[in-house]
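Chain residues, written in single-letter form:
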Amino acid sequence: MRKIKMLNRVSIDGYFASLNNANFGMDWFVHDPEVDKAVHESGGSMDTLILGRITYQGFERNWVPFLNDPNAPVQLKAVAEELTQMKKIVFSKNLKEANWENTKIINGDLLNNARRLKEEDGSDILVMGSGSIVQQLAEAGLIDDYLFIMTPVVAGEGKPLFQHVNQFGLSLVEARAFQSGNVVLHYELKK
């Protein structure tokens with residue numbers, strides 16, 4: 001059975017995004033190519049990406065332009081190509097069309113569809129951003145692995161990652177600190 005793995009940057013005080021929609025809530029992120037490489041190694045092979053509408057639209061707006069930009073930094077273009085190749089499943093009642101290849105919009109039951117996706121053939125499934133999706137999947141016990149990039153900042157306000165989620169336990173798989181101050185934390189759901 002495929003695993004669902006969540007990946008999010010989080011502030012020390014538990015926010016996964018700021019309230020600044022102009023830059024997609026990423027104003028306090030501390031980017032570090034070494035962290036990105038480590039997360040890729042920890043996450044393993046994933047061919048499907050689950051997103052909510054807001055995260056999808058932000059990703060589409062930010063990543064698609066790198067695909068055809070000859071001046072795009074090599075590492076950003078590589079991420080854009082990787083995301084483009086992944087099967088993107090967008091859960092939304094409002095989004096009617098997608099302009100990014102390999103995207104399917106589902107206007108239906110998130111939990112039953114996530115269970116079905118886990119039973120399909122393929123490598124693991126990734127969830128990024130998508131706070132409400134993460135909250136629903138976490139509450140239902142459907143996320144198997146949690147990958148956090150703990151960012152060295154107290155944001156003070158923002159979008160909380162686990163709002164309205166009951167307590168559940170995690171087992172530490174790996175913890176790695178970086179010169180940038182970021183810490184990558186990989187946990188598995190305690191079963």
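Before reading further, recall that the structure is shown in the block above.
Residues numbered from 1 in each chain as written. Predicted model: local features only at pLDDT ≥ 70, side-chain atom pairs only at ≥ 80, totals over all residues. Heavy atoms only, no water.

## Here we look at the sheet that holds strand β1 (residues 4-11)
Spelled out, the test is: Two strands qualify as a pair provided DSSP detects at least 2 bridges between them. Numbering of helices and strands runs from the N terminus; a helix is a DSSP stretch of H or I covering at least four residues, while a strand is a stretch of E covering at least two. Orientation is described by lines fitted to C-alpha atoms, with helices fitted over the stretch in contact, and by angles between N-to-C directions that extend from 0 to 180 degrees. By definition, residues are in contact when any of their heavy atoms lie within 4.5 Å.
Spatially, the eight strands line up as an open sheet ordered β5-β4-β3-β6-β1-β7-β10-β9, and their pairing is mixed. Sheet topology places β5 (103-106) and β9 (170-177) at the edges, where each strand pairs with a single neighbour. Averaged over all pairs of adjacent strands, the angle between strand axes in this sheet comes to 20°, irrespective of strand direction. Both β9 and strand β10 (residues 183-189) contribute to a ladder of seven bridges, which runs antiparallel. The partner of L172 across the bridge, within β10, is Y187. Against the sheet, helix α2 (residues 53-67) engages β3 (46-52), β4 (87-91), β5 and β6 (124-128), with an angle of about 115° to β3.

## Points about the pattern of salt bridges
For clarity, the cut-off: Salt bridges are defined as contacts in which a side-chain nitrogen from Lys or Arg sits within 4 Å of a carboxyl oxygen from Asp or Glu. Under the scheme applied here, a residue whose accessible area is under 20% of the maximum for its type counts as buried, over 50% as exposed, and between as partly exposed, the area being computed with a 1.4 Å probe on protein chains only.
Scanning the model with the defined rule gives ten salt bridges in all. With its nearest N and O atoms 3.6 Å apart, the salt bridge here joins E41 to R176. A residue pair is termed long-range when its members are at least 10 positions apart, and E41 in helix α1 (residues 33-43) and R176 in strand β9 qualify at 135 residues. In this structure, E120 and R116 form a salt bridge, with 2.5 Å as the shortest nitrogen-oxygen distance. Under the relative-accessibility criterion, R116 is labelled partly exposed at 33%.

## Examining the pairing of β4
Burial analysis of β4 places four of its five residues in the buried class, the great majority of the element. Note: β4 against β5, four bridges, orientation parallel. Pairing of K88 across the sheet is with T103, part of β5.

## Details of helix α3 (residues 74-85)
In plain terms, the rule: To estimate the expected span of a helix, count its residues, drop one, and scale the result by 1.5 Å. For this quantity, the arc is that covered by the directions from the helix axis to the C-beta atoms.
Over its twelve residues, α3 runs 17 Å from end to end, which matches the ideal 16 Å to within 8%, given 1.5 Å per residue. Among the residues making up α3, those that are buried are A80, L83 and T84. Along the axis of α3, the buried positions cluster into a sector of 100°, meaning they face one direction only. Across α3 from its buried face, at more than 90 degrees, point the exposed residues V74 and Q85. Residues of α3 that are buried make contact with β3, α2 and β4.

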